Amino acid sequence: MSAPERTERDVTGLLNMAGHALSNRLAAALAGIDLTPRMQCVLVHALEEERTQIQLAALADLDKTTMVSTIDELERRGLAERRPSSTDRRARIIAVTEKGRLAAAEGQRIVDEVHTDALSAMPDAARAAFVEALAQLADTTRDQGPQPVRRPRGR
C-alpha cells in the first residue's frame, strides 16, 4: 500500500520541530538566571502597563491554572506581587518589583540573543522576510476555527 502524495511541505511539522528546538534553547538559556520562558513573558507584559492576571494570561497564551501557578512562583521569588488596580478597585493587577524588573531586563537580553542566534542560520536578506511571514501566519491562526472534537469517555 502506498502513501498518499504530498502536494505541500508539512508546514505544521516543520513549525512544531523548529518551535520545540527554539523553546528548548530558550528555556536552557533562561535557566541560567533562574527564569522560565513563561515567567519572562509574564514579567515583560506586566511591565508594559497595568494589567490583571486575566489580561496577562491572554497575552501569554496561558490557561488560568498555569497563570495562577506562574504568578504564585513570581511572588514567592519576590519578582512580582498582586496589588489592587489604580483604576478599578475590584480588580487586582500584577505589579513587577524592582528585582523582577531587573530579572526581566536580563531575561530579555537573553531572549534576544537566543532569537538572534537562531536567525543567524539564515542569510541576512531573508531574516526580516521570514519573521514577517511568520508573524502573518501567527495572526491568521488567532482565529482557531473549529475546536477539536472530544470523544465522550466510555463508561
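The residue numbers shown here count from 1 along each chain, following its written sequence. Reporting in this predicted model follows two pLDDT cut-offs: at least 70 for local features of residues, and 80 or more for side-chain atom pairs to be given and counted; totals over whole chains, interfaces and linings ignore these cut-offs and use all residues. Computation of side-chain values: all heavy atoms of the structure, hydrogens and water removed.

As annotated in an unreviewed UniProt entry, the chain carries the name DNA-binding MarR family transcriptional regulator and is attributed to Paractinoplanes brasiliensis.

**Observations regarding the environment of Leu 35**
Within the fold, Leu 35 resides in the loop between helix 1 (11–31) and helix 2 (37–48). Separated by 69 residues in the primary sequence, Leu 35 and Ala 104 have C-alpha atoms spaced 8.9 Å apart. The contact partners of Leu 35, leaving out residues within four places of it in the chain, are Leu 30, Gln 40, Leu 43, Arg 77, Leu 79 and Ala 103. Comment: elements are numbered from the N terminus, with helices defined as DSSP H or I runs of at least four residues and strands as E runs of at least two. Residue contacts are counted whenever heavy atoms from the two residues lie within 4.5 Å of one another.

**Description of the UniProt feature "domain: HTH marR-type" (unreviewed entry) in the chain**
UniProt positions are given in the numbering used here, feature names are shortened, and annotations may be inferred rather than shown by experiment. The positions that UniProt labels "domain: HTH marR-type" (unreviewed entry) are, in the present scheme, residues 8–139. Note that residues 8–139 is 70% helix and 8% strand, and that its end C-alpha atoms are spaced 21 Å apart.

**Quick notes on the packing of helix 1 against helix 5 (residues 98–119)**
Between two packed helices, both the angle of their axes relative to each other and the distance between the axes serve to describe the pair. One way to put it is that helix 1 packs onto helix 5 with a least axis distance of 10 Å and a crossing angle of 145°. Classified by chirality, the crossing of helix 5 by helix 1 is right-handed. Contacts between helix 1 and helix 5 pair Leu 22, Arg 25, Leu 26, Ala 29 and Leu 30 from the former with Gly 107, Ile 110, Val 111, Val 114, His 115, Asp 117 and Ala 118 from the latter. Under the convention adopted here, Pro, Cys and the residues Ala, Val, Leu, Ile, Met, Phe, Trp and Tyr are nonpolar, Asp, Glu, Lys and Arg are charged, and Gly plus all remaining residues are polar. For the contact of helix 1 with helix 5, the class distribution of residues is 8 nonpolar, 2 polar and 2 charged. As a rule, the C-alpha atoms of each element are fitted with a line to give its axis, helices using only the stretch in contact, and angles between N-to-C directions run from 0 to 180 degrees. With the far helix as reference, a near helix turned anticlockwise by less than a right angle produces a left-handed crossing, and one turned clockwise produces a right-handed crossing.

**Quick word on the layout of surface pockets**
Using a grid of 1 Å spacing that covers the protein atoms alone, one calls a set of points a cavity when a 1.4 Å probe fits there but cannot get out, and a pocket when the set is open and has protein on both sides within 12 Å along at least five of seven lines; lining residues are those with an atom within 4 Å of a point. Grid points are joined across faces, edges and corners, and a volume is the space filled by probe spheres set on the points. Reported here for the largest pocket is a volume of approximately 1,600 Å³. Lining the largest pocket we find 38 residues, and of these Gly 19, Leu 22, Ser 23, His 115 and Leu 134 sit closest to its centre. Where the lining of the largest pocket is concerned, the elements lending two or more residues are helix 1, helix 2, helix 3 (53–60), helix 5 and helix 6 (124–140). A per-element tally of the lining of the largest pocket places helix 1 first, with 12 residues. Of the residues contributing to the lining of the largest pocket, the split by class is 24 nonpolar, 10 polar and 4 charged.

**Thoughts on the side chain of Ser 85**
You can see Ser 85 is positioned in the loop between strand 1 (80–84) and strand 2 (92–96). Separated by 2.8 Å, the side chains of Ser 85 and Glu 50 make a polar contact. For Ser 85, the residues in contact, after removing those within four places along its chain, are Glu 50, Ala 91, Arg 92 and Ile 93. Between N or O atoms, a polar contact is any pair within 3.5 Å; within protein, one atom must be a potential hydrogen donor and the other a potential acceptor, and residues adjacent in sequence are included only when both atoms are from side chains.

**Section: the side chain of Gln 53**
Note that Gln 53 resides in helix 3. At 3.2 Å, the side chain of Gln 53 and the side chain of Arg 82 are in polar contact.

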